[in-house]
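Now for the letters of each chain:
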Amino acid sequence: QVQLVESGGGLVQPGGSLRLSCAASGIIFKIYAMAWYRQAPGKQRELVARMTSDGNTNYADSVKGRFTISRDNAKNTVYLQMNSLKPEDTAVYYCNAHWRPNNYWGQGTQVTVSS
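## Topic: the pattern of salt bridges
Counting across every chain of the model gives 4 salt bridges. The salt bridge involving Arg38 is made with Glu46; its shortest N-O contact spans 2.8 Å. The buried category is assigned to Arg38, whose relative accessible area is 6%. Among the ionic pairs, Asp89 bridges to Arg66, the shortest N-O distance being 2.7 Å. A residue pair is termed long-range when its members are at least 10 positions apart, and Asp89 in the loop between strand S8 (77-82) and strand S9 (91-99) and Arg66 in the loop between strand S6 (57-59) and strand S7 (67-72) qualify at 23 residues. One exposure class covers both Asp89 and Arg66, and it is buried. A single salt-bridge network, built from bridges that share partners, covers Arg38, Glu46, Arg66 and Asp89.

Right, here's the structure in full:
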């Protein structure tokens, strides 16, 4: 049974920071690309950050310089460090694991940046 379990969401003031965690089980974690997506009210789900199995990363333009994705293969966990948070970062954040043809999702965690 594949599970991706997110934690670390919550309420934060503009300019503040949060770190999201996603613990994976049931997959060979080290071979999977890991990513964070988000979906804000009234908007499509969008890719926020992605890290391949060999450590290459890419970020949405809106979060470059503020967010950092990292992974700890020994803990089967991927992180998203979010700094300088803005109200427009408010969304449900989802963890994703991909190694073709497999694609798995976490349950989502709410991040709210107050204004």
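We are not done yet, so read on.
## Section: the packing of aromatic side chains
If you walk through the whole model with that rule in mind, you get 3 aromatic pairs. Ring plane angle 45 degrees and centroid distance 6.4 Å describe the contact between Tyr32 and Trp99, whose orientation is recorded as tilted. Of the two residues, Tyr32 is situated in the loop between strand S3 (18-25) and strand S4 (33-39) and Trp99 in strand S9; the sequence distance between them amounts to 67 residues. Taking the centre distance of 6.3 Å and the plane angle of 35 degrees together, the rings of Tyr32 and Tyr104 count as tilted. With Tyr32 in the loop between S3 and S4 and Tyr104 in strand S10 (residues 102-105), the pair connects residues that are 72 residues apart, well separated along the chain. One aromatic cluster is present, formed by Tyr32, Trp99 and Tyr104 through successive ring pairs.

## Side note on the pairing of strand S5 (residues 46-51)
Across 5 bridges, S4 lies against S5 in antiparallel orientation. Bridge pairing in S5 places Arg38 opposite Glu46. Between the antiparallel neighbours S4 and S5 lie 6 residues, among them Gly42 with a positive phi of about 75 degrees. Pairing analysis gives 3 bridges linking S5 to S6, with the strands arranged antiparallel. Among the inter-strand pairings, Arg50 is bridged to a residue of S6, identified as Asn58. Taken together, S5 and the strand that follows it, S6, pair antiparallel across an intervening segment of 5 residues, in which Gly55 is found at a positive phi of about 95 degrees.

The rules we used
Residues numbered from 1 in each chain as written. Predicted model: local features only at pLDDT ≥ 70, side-chain atom pairs only at ≥ 80, totals over all residues. Heavy atoms only, no water. Salt bridge = Lys/Arg side-chain N within 4 Å of Asp/Glu carboxyl O. Buried < 20%, exposed > 50% of the residue type's maximum accessible area, 1.4 Å probe, protein only. Helix = DSSP H or I, 4+ residues; strand = E, 2+ residues; numbered from the N terminus. Phe/Tyr/Trp six-rings, centres within 6.5 Å; stacked < 30°, edge-to-face > 60°. Pairing = 2+ DSSP bridges.

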